[in-house]
Amino acid sequence: MTIRAICSDVDGTLLNSDRELSQRTIDTVQRLDKNLPVILASARMPSAVRHLQEQLGILHHPMICFNGGYVLLYDDATQEPQVLDTVQIPASVCMEIAQLAQGTSINVSLYQNDVWHAPQDDQWTQREIRHTKVNPTISAIHEVLQEWQAASTGAHKVMCMGAAEEIQRLWEALSPRFGGQLHIYRSNDRYLEIAPKTISKATALELLLKKHYAFGMESVMAFGDNYNDVDLLKAVGLGIAVGNGRDEAKAAAQEVTAPSIEDGVAIAIEKHCLS
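What comes next is a walk through the structure.

The rules behind each value
Residues numbered from 1 in each chain as written. Predicted model: local features only at pLDDT ≥ 70, side-chain atom pairs only at ≥ 80, totals over all residues. Heavy atoms only, no water. Salt bridge = Lys/Arg side-chain N within 4 Å of Asp/Glu carboxyl O. Helix = DSSP H or I, 4+ residues; strand = E, 2+ residues; numbered from the N terminus. Buried < 20%, exposed > 50% of the residue type's maximum accessible area, 1.4 Å probe, protein only. Lys, Arg positive; Asp, Glu negative; His and termini not counted. Polar contact = N/O pair within 3.5 Å; in protein donor to acceptor, adjacent residues only side chain to side chain. Contact = heavy atoms within 4.5 Å. 1 Å grid on protein atoms, 1.4 Å probe; cavity = no way out; pocket = protein on both sides within 12 Å on 5 of 7 lines; lining within 4 Å. Points joined across faces, edges and corners; volume = space filled by probe spheres on them. Nonpolar A, V, L, I, M, F, W, Y, C, P; charged D, E, K, R; others polar. Pairing = 2+ DSSP bridges. Arc of directions from axis to C-beta.

1. Remarks on the pattern of salt bridges
Phase 1: On inspection of all chains with the given rule, the structure shows nine salt bridges.
Phase 2: Its salt-bridge partner being Glu 96, residue Arg 177 comes within 2.5 Å of it at the nearest N-O pair. Of this pair, Arg 177 sits in helix α6 (residues 164-178) while Glu 96 sits in helix α3 (residues 91-101), and the two are 81 residues apart along the sequence.
Phase 3: Salt bridges sharing partners connect three or more residues here, namely Asp 9, Lys 201 and Asp 229.

2. Some points on the side chain of Arg 127
Phase 1: Residue position: Arg 127 is located in helix α4 (residues 123-132).
Phase 2: For the buried residue Arg 127, which engages in no salt bridge, the nearest side chain bearing the opposite charge is Glu 128, 5.5 Å off.
Phase 3: A polar contact of 3.1 Å, which involves the side chain of Arg 127, links it to the side chain of Tyr 191.
Phase 4: Residues contacting Arg 127, with those up to four places away along its chain left out, are Arg 190 and Tyr 191.

3. A look at the layout of surface pockets
Once rolled over the atoms, a probe with the size of a water molecule shows which space is left empty.
Phase 1: Taken as a whole, the largest pocket holds about 560 Å³ of empty space.
Phase 2: Taken together, the elements giving at least two residues each to the lining of the largest pocket come down to α4, β11 (157-161), β12 (182-188) and β13 (191-196).
Phase 3: Of the residues assigned to the lining of the largest pocket, the class counts are nine nonpolar, eleven polar and eleven charged.
Phase 4: When its volume is computed, the second largest pocket comes out at roughly 270 Å³.
Phase 5: Lining the second largest pocket are 15 residues; nearest its centre among them are Asn 67, His 183, Tyr 185, Tyr 227 and Asn 228.
Phase 6: Secondary-structure elements contributing two or more residues to the lining of the second largest pocket are β12, β13 and α8 (230-235).
Phase 7: Each residue belonging to the lining of the second largest pocket can be placed in one class, and the counts come to seven nonpolar, four polar and four charged.

4. A look at the sheet that holds strand β5 (residues 81-86)
Two orientations exist for strands paired in a sheet by backbone hydrogen bonds: parallel and antiparallel.
Phase 1: Here eight strands make up an open sheet; going across it, the order is β5-β4-β3-β2-β1-β14-β15-β16 and the pairing mixed. Since the sheet does not close on itself, it has two edges, and those belong to β5 and β16 (255-256), each with one partner.
Phase 2: Sheet topology note: the strand β1 (residues 5-8)/strand β2 (residues 38-41) ladder contains three bridges and is parallel. Bridging across to β2, Ser 8 finds its partner in Leu 40.

5. Overview of helix α1 (residues 23-31)
Phase 1: Turning to α1, its buried residues are Thr 25, Ile 26, Thr 28 and Val 29. The arc enclosing the buried residues of α1, seen along the axis, measures out at 165°, which places them on a common side. Opposite the packed face of α1, turned more than 90 degrees from it, sit the exposed residues Gln 23 and Arg 31.
Phase 2: Residues of α1 that are buried sit in contact with β2, α2 (46-56) and α10 (264-273).

Written out as structure tokens, the structure is:
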């Protein structure tokens, strides 16, 4: 196949053990033709992806945020984002999620556009600040949701962080109630990420290609490690899982590269695009 675009997950795939881009990854991406789109597809918010784009020298390429719920392309001149697609969880559904978490120590964070509303500055908030290099707005979540309901808007993502047992119980309560309309995804034992079921990284990438490029999914090489990457790895011409990926991601991929902490993405790009 002729690779005409690269799409990569971020956490657990592109970053090293310090949640940073390695120098090899930066150097490898910067050796690519500047017109070859390198599209980062993440559960993160735009600000938490933008600084990675800057390091890689790909500020002129699109990004897929919130697992496909928010697709952006920044204008070269103004650096203002053009929204190519946006799909949200209604405020009324977010309220029910928050109510189910009441009485627990779970941090229910809300994400809309490029704003992160955190309920308090606790260990979970601090952990996310360290991981993503983005600061939240500390907000009374119910007040935010009331404002959103009045404006007929909602969240691109709800993230629940807490002790593994509490997260397990919340997942068990949410799944039968909202499983038909929401992706309720456990990124690890202490994190529950919630997004609209109508979207995925694969649907976002397909829409992006149709709107802005003269080729389809068959010309894309994509990288991932987790459940939310499975559809993407299956849909593209060359899906590659990193060696530390879940078995489901590896099964969906055509190839497995080295683990993320061993520069697996860079190794595969060198092999397929720079050799």
